[in-house]
Amino acid sequence: MTTTDDTAAIVAQEPRARLGQSVRMRSSGAFGSVSGKVLIGVFVAFMVIFILGPLLWLAVHAFASSWTFPNLWPNSWTLRWWQTVFSDHALGVAVQNSLVISPLVVLFSAIICLPAAYAFARFDFFARRTFLVGLFATNAFPKMGLFATLASLFYALNLMNTVVGIIIVQILGTIVFMTWIPAAAFAAVPRSLEEAARDAGASRIRVFFSITLRMAMPGILVAAVMSFLAAFDEAQGTYLVRAREYFTMPTEMYTLVLNYPKQVAAVFSILLSIPSVVLMLAARKHIMGGQLAEGFQIR
Amino acid sequence: MVVNAVAPPRAAKESRRHRSGARLSPLGFVMALPPILIVLLFVGVPVVSALAFSLGFTGGLNSIVSMIGLNVHKADAWWGTLAAYQEVFSNPQFLADLGVTVLVTVVSALIVLFMAMGIGLYLRMRGGWLANVLSGLAVIPLFIPVVIASWAILTFYSGDGFVRSVFALVGLQGPTWGYTVVAIVIGSVWTSLPFAVLMIASGLQAIPDAMIETARDAGAGFVRIAVSIMMPMAFVPIVIAATFTAIGVIGSFTVPYFTGPNAPTMLGVTLTSYFTSYNQPQQSIVMAFTIFIAAGAIGAFYVWANFRSAKDQGRV
């Protein structure tokens, strides 16, 4: 890893070096040759089929009325399965439960974790590192192993079959996202900016809300999106709490796949993907920009 | 789409200096407490009481579970009993599942690392629209809930799925991967790829251009630059990607539950059926601890790599 001074020197040199070198960069190396290009082409084709293939295959099922085996296309099209899904009461309730419970989970998780994230970034205190690693342990240990042991506690606290129980189970999956990613974001806000604002006469609270919080917002946004998806996708724990009347969309998906025709599950899959896709597209810039990656390095 | 590393080293360094300036802030400790207490209560307590239950202590928190559960071994010595562990570890079914779990974890992690390194290196060394298409594709699974992904992958590779259809159209007998260990590996790679690509691409992107070009001027080829400069420089992100992938796969339930065979399957599925279907919570918890220990070993590697890099940068 370079020191700060090295980086500055390199940044200063960079434009010159780049201009002179760019032609050579393209002509040399393994990827420059024809075989390299073919290799890349094959890999891209493989990735398109590997990543998108299953999703498109599933999406087409949602509109297929019947399908004979070796055909790559259904025999005829229908919207019947969409009607089945929209007229099924249990599915509607599951959608409703998911859309109410997941935002609640994100909200509670933010209230619990964001002050801690700020503390991890800005203060040094007793057992700080132990705490950071301890929070990571919830992520390191397999969820299912955790839930099997959690059940005893839930029985004892009468949390089985309750909404509170579901919310607690889902919060456990969001804590790492909600502390680590915002902590990295808070740590990246330059102190000099805050001090300059203080010198200009801004109050502490004003500095926090208009400088620190605003600059850390992309990180918090990524954390919120990841937490929402973690809560929204969480099925095992919710399933284990066994709250039949509080079935959420993913738990419903388990029963659907076992009890309904393939096409109904396909329709439901599309519906279940909508919130994730919308949210991820909204936060895409920051996730690709490194906020997520930055959050997982202990500092 | 441009993958880029943020958080300049200067800012991180400065904030660290400030942090050590205000040593041992009681306010910081209090602010950090809420998530710690939640984790202690809802993860720490169950884990300790589960450990006691697996050793045959059936009182306290474990009384209800041990009353409901079948085939519970009770402690016969002051330190408990290893009967549940003996029973599980002499069960050939469990040993086969353990083998499958380790195999799927290692193979998936290697494939994910290989693909993420390839995409990351191509993005860093060449750039361009094709590289952006590749990284964009690799991140798509992050958008899709795992339940749906598993089910989509099952139908894609099943007996009447796309792969077999394509083979059949050209008159060949294609492989049926649905409900096999191969499908579990495919599903695990599919779902783990985005995080690994983001992590590794961000690490490689942070390497200064000048270093790569100096090596190239000195006559180093693509492979030499990748092995001698890129990989050591991005060591921590690569370790994080590897350990998170392995930890995610080793404890996974949804992917093997949907795509895998009935037996032998991964331990995440087996321990769930022991808990919910066979009603043998003690045996289920023994299996959970087996995964716990394996994940703990992988997690220790992650913590070691992070602290090593923190030391290198003078942050500790």
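Per chain, residue numbering runs from 1 following the sequence as it is written. The lettering of chains begins at A and the numbering of ligands begins at 1, in the order of writing. Note on the predicted model: pLDDT of at least 70 is required for a residue's local features to be given, and 80 or more for side-chain atom pairs to be given and counted; whole-chain, interface and lining totals, by contrast, use all residues. Hydrogens and waters are ignored; side-chain quantities use all the structure's heavy atoms.

1. Comments concerning the domain arrangement of chain A
Residue and element names in this part refer to chain A. Here the limits of each domain have been adopted from an automatic or database domain assignment. Parsing chain A into structural domains produces domain 1 (2–66) and domain 2 (85–294). It only takes one pair of heavy atoms within 4.5 Å for two residues to be counted as in contact. Facing 6 residues of domain 1, the contacting portion of domain 2 comprises 6 residues. The salt bridge criterion pairs a side-chain nitrogen of Lys or Arg with a carboxyl oxygen of Asp or Glu, the two atoms within 4 Å. On inspection of domain 1 and its partner domain 2, the count reaches 0 salt bridges. Whenever a nitrogen or oxygen atom comes within 3.5 Å of another N or O atom, the pair is scored as a polar contact, on the condition that within protein one atom can donate a hydrogen and the other can accept it, and that pairs from neighbouring residues in sequence are kept only if both atoms are in side chains. Joining domain 1 to domain 2, the criterion identifies 1 residue pair in polar contact (both at pLDDT 80 or more). Put simply, DSSP marks the helices as runs of H or I at least four residues long and the strands as runs of E at least two long, and each gets a number from the N terminus on. Counting residues per element, the ones that place at least two in the side of domain 1 that touches domain 2 are α2 (34–61) and β1 (64–66). Any residue outside Ala, Val, Leu, Ile, Met, Phe, Trp, Tyr, Cys, Pro, Asp, Glu, Lys and Arg is labelled polar, Gly included; the first ten of those are nonpolar and the last four are charged. For the side of domain 1 that touches domain 2, the class distribution of residues is 4 nonpolar, 2 polar and no charged.

2. Description of the packing of helix α5 (residues 92–125) of chain B against helix α6 (residues 128–139) of chain B
Residue and element names in this part refer to chain B. As a packed pair, α5 and α6 sit with axes 9 Å apart at the nearest point and diverge in direction by 150 degrees. Taken together, α5 and α6 sit at an angle that is classed as roughly antiparallel. With respect to the hand of their crossing, α5 and α6 are arranged in left-handed fashion. Residues Ile119, Tyr122 and Leu123 of α5 touch α6, and the partners they reach there are Leu130, Ala131, Asn132, Leu134, Ser135 and Ala138. A class-by-class count of the residues in the contact of α5 with α6 yields 7 nonpolar, 2 polar and no charged. Fitted lines through C-alpha atoms give the axes, limited to the stretch in contact for helices. The angle between two N-to-C directions lies from 0 to 180 degrees. Geometric relationships in this document are graded by angle, where less than 35 degrees denotes roughly parallel, more than 145 denotes roughly antiparallel, 65 to 115 denotes roughly perpendicular, and other angles denote oblique. Two helices crossing with the near one rotated counterclockwise from the far one by less than a right angle form a left-handed crossing, whereas a clockwise rotation gives a right-handed crossing.

3. Notes on helix α11 (residues 222–233) of chain B
All names here are of chain B. Every helix has an expected span of 1.5 Å times one less than the residues it contains. With 12 residues, α11 extends 15 Å from end C-alpha to end C-alpha; this agrees with the ideal 16 Å at 1.5 Å per step. Only protein chains enter the accessibility calculation, which uses a 1.4 Å probe. A residue is then buried if its area is under 20% of the maximum for its type, exposed if over 50%, and partly exposed in between. When we look at burial in α11, the residues that qualify are Phe222, Ile225, Ala226, Ile229, Met230 and Met233. Down the axis of α11, the buried side of the element spans an arc of 130 degrees, and every buried residue falls inside it. Of the residues in α11, the exposed ones pointing more than 90 degrees away from the buried face are Val223 and Arg224. Residues of α11 that are buried sit in contact with α5, α9 (181–205), α10 (209–217) and α12 (235–250). Of all possible arcs, the one meant is that of the directions from the helix axis to the C-beta atoms.

4. What about the packing of α5(B) against α12(B)?
All names here are of chain B. Look at α5 against α12: their axes get within 9 Å of each other, and the N-to-C directions meet at 145 degrees. Considering only the axes of α5 and α12, their crossing is right-handed. Residues Thr101, Val104, Thr105, Ser108, Ala109, Val112, Leu113 and Met117 of α5 form the contact with α12, whose participating residues are Ile238, Ala241, Ala242, Thr245, Ala246, Val249 and Ile250.

5. Looking at a nonpolar patch on the surface
Within the patch definition used here, like charges are joined within 9 Å and nonpolar side chains (Val, Leu, Ile, Met, Phe, Trp, Tyr) within 5 Å, considering only residues with over 30% relative accessible area and no salt bridge. Accessible surface area values rest on a Shrake-Rupley calculation with a 1.4 Å probe, where residue burial reflects the displayed protein chains alone. A surface patch of nonpolar side chains, amounting to about 510 Å² of accessible area, comprises A:Leu72, B:Val166, B:Phe167, B:Leu169, B:Val170 and B:Leu172. The topology assignment puts B:Val170 in the loop between α8 (162–169) and α9.

6. Some points on helix α3 (residues 80–87) of chain A
Owing to its 3.6 residues per turn, the α-helix brings residues three or four apart onto one side. All names here are of chain A. Buried within α3 we find Trp81, Trp82 and Val85. Projected onto a plane normal to the axis of α3, the buried residues spread over an arc of 100 degrees and lie on a single side. The exposed residues of α3 that point more than 90 degrees off its buried face are Gln83 and Ser87. Summarising the contacts, the buried residues of α3 are in contact with α2, β1, α4 (89–122) and α13 (262–288).

7. A word on unusual backbone geometry
Residue and element names in this part refer to chain B. Of the consecutive residues Ala263 and Pro264, the connecting peptide bond is found in the cis state with omega at -10 degrees. At Asn71, a residue that is not glycine, the phi angle is positive and equals roughly 55 degrees. Relative to the helices and strands, Asn71 is located in the loop between α3 (63–68) and α4 (83–89). In the Ramachandran plot, Tyr179 falls in the positive-phi region, its phi being about 60 degrees despite a non-glycine side chain. For Tyr179, the location among the structural elements is in the loop between α8 and α9. For Tyr179, a relative accessible area of 51% puts it in the exposed group.

8. Comments concerning the pattern of salt bridges
Scanning the model with the defined rule gives 3 salt bridges over all chains in all. Between A:Lys262 and B:Asp160 there is a salt bridge, with its nearest N and O atoms 3.5 Å apart. In this pair, A:Lys262 sits in helix α13 while B:Asp160 sits in the loop between α7 (146–157) and α8, so the two residues belong to two different chains. Accessibility expressed as a relative area gives 39% for B:Asp160, which makes it partly exposed. A salt bridge links B:Arg124 to B:Asp209, with the nearest nitrogen and oxygen atoms 2.5 Å apart. With B:Arg124 in helix α5 and B:Asp209 in helix α10, this pair connects stretches of sequence that are 85 residues apart. Judged by its relative accessible area of 9%, B:Arg124 falls in the buried class. Judged by relative accessible area, B:Asp209 falls into the buried class, the value being 8%.

9. Regarding the nonpolar core
In these notes, a set of buried Ala, Val, Leu, Ile, Met, Phe, Trp, Tyr and Cys residues joined through side-chain atoms within 4.5 Å is what counts as a nonpolar core. Among the nonpolar cores identified, the biggest contains 181 residues, and A:Met47, A:Phe120, A:Met253, A:Leu292, A:Phe296, B:Leu142 and B:Trp151 are the most heavily contacted of them. The element best represented in this core is α9(B), accounting for 14 residues. Composition of this core by domain shows at least three residues from each of domain 1 (2–66) and domain 2 (85–294) of chain A. Excluding residues within four positions of it along the chain, A:Met47 makes contact with A:Leu52, B:Met115, B:Ile119, B:Leu134, B:Leu137, B:Ala138 and B:Leu193.

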